[in-house]
Every structure is written in C-alpha cells, then in structure tokens.
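Descriptive analysis of the structure
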Amino acid sequence: QLISRGFKDFSVEVESVSEPQAALQRLKDQRFEAIVIDAQDRTEALLVLDSLKTLPSCKNSLRIVLADHETALAAAFSTGTHLVMYKPISADRLRNSLRGLCNLIGRRHQREFGRIRVKIPAILHIGEKNQVPASILSISQGGSSFLKSAGDFDEDLGSPFCASG
C-alpha cells in the first residue's frame, strides 16, 4: 500500500498483481512505464525478472525490486533491474527514490514520440535584423531539429518555413 500511495502521489497509476503468471500475462498484454517486483519469494521474483527480458512490451520499462537483506544484488541487476529498494521501506526514502524515477519515466516518455524526417527550407530570425537560412530536418510532438544554412534541396518543397526566435 505504501508503494501504491507513493506512485499515486506522483500521478502514476498503479496496478497490483500478486500471482507471477498472471503478472507476466498482464505484462505481455500491455506496456507499463515501471514494474515493481516484491522479492518475497526469490525464485518467483527471478522468474518474473528473467521473463521481462524477453517481452517486447517490457523492453523500456523501469524495473524496481523490493528486496530484503538476503536478496542477491548481482542476481537482481543481472536481470535488468534499475533500482533495488531494501525493506523496510520508509515513506521518505520511497518519495525520494520515486522522485528520481518519475523524472526518468517522463524523459523516456518524451523520447517515445516518433520523429518524422523532413527537408523543409526555413529562415531563422535572430534578433530584429538577422536572418539565417536553415533547414528543418525532423519534427515531432516534442520539437524539431534545424540545420543552419539550407543549402541545396533535391526538390522544390514550396515556401520557406519561418520560425521566430
């Protein structure tokens, strides 16, 4: 419950599954930003962690293991675990760990937006009087990339795009 509340404090939805096989089936069906595994039963935890490596839906998920003092770190990290939190877990330690993880989740989410390669002539307006020819090379929901000095294009792509800066 502490883990669920901690994630909810950072506006991250939590879905709890107690049976390893049911969890693996759920992970096959849907992609999750983070996967938290409670390593109470080390054998089942390692089975789930090893299985995550083969699931395409889990390729980019952050993996967190809740471990006791007997859990072998090497075994956990060899399965692709990003963070091991030792029990008992305090609310403060959980909040600090989740703050960093939520930042990672946000950055990963931004990188998931597809980039579309384009070749669009542009003029960058720098200040009031400076204009620099450029090319827009790619665009995405998260932004675009420019190359200074448009150069020659293979085909006429119409009017230049003007971006004020």
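The sections below set out a description of the structure shown in this document. It should be emphasised that the depicted structure is a prediction, and the values quoted were computed from it without experimental measurement.

We now examine the environment of Ser97. Here Ser97 shows up in helix 5 (residues 91–111). In the structure, Ser97 is positioned 12 residues away from Met85 in sequence and 8.6 Å away in space, judged by C-alpha atoms. In this structure Ser97 touches Leu83 and Met85, once residues within four positions along its chain are discounted.

Pairing between the strands of a sheet comes from backbone hydrogen bonds, and it takes one of two forms, parallel or antiparallel. In space, the three strands of this open sheet follow the order 1-2-3, with parallel pairing throughout. Of all strands in the sheet, those with a lone pairing partner are strand 1 (34–38) and strand 3 (83–86), marking the two edges. Direction aside, the axes of adjacent strands within the sheet are offset by 20 degrees on average. Of the pairings in the sheet, the one linking strand 1 to strand 2 (residues 62–67) comprises five bridges and is parallel in character. Along strand 2, the bridge assignment pairs Ile35 with Arg63. Across the sheet, helix 3 (residues 42–52) is in contact with strand 1 and strand 2; its angle to strand 1 comes to roughly 160 degrees.

What counts, and at which threshold
Residues numbered from 1 in each chain as written. Predicted model: local features only at pLDDT ≥ 70, side-chain atom pairs only at ≥ 80, totals over all residues. Heavy atoms only, no water. Helix = DSSP H or I, 4+ residues; strand = E, 2+ residues; numbered from the N terminus. Contact = heavy atoms within 4.5 Å. Pairing = 2+ DSSP bridges. Axes fitted to C-alpha atoms, helices over the stretch in contact; angles between N-to-C directions.

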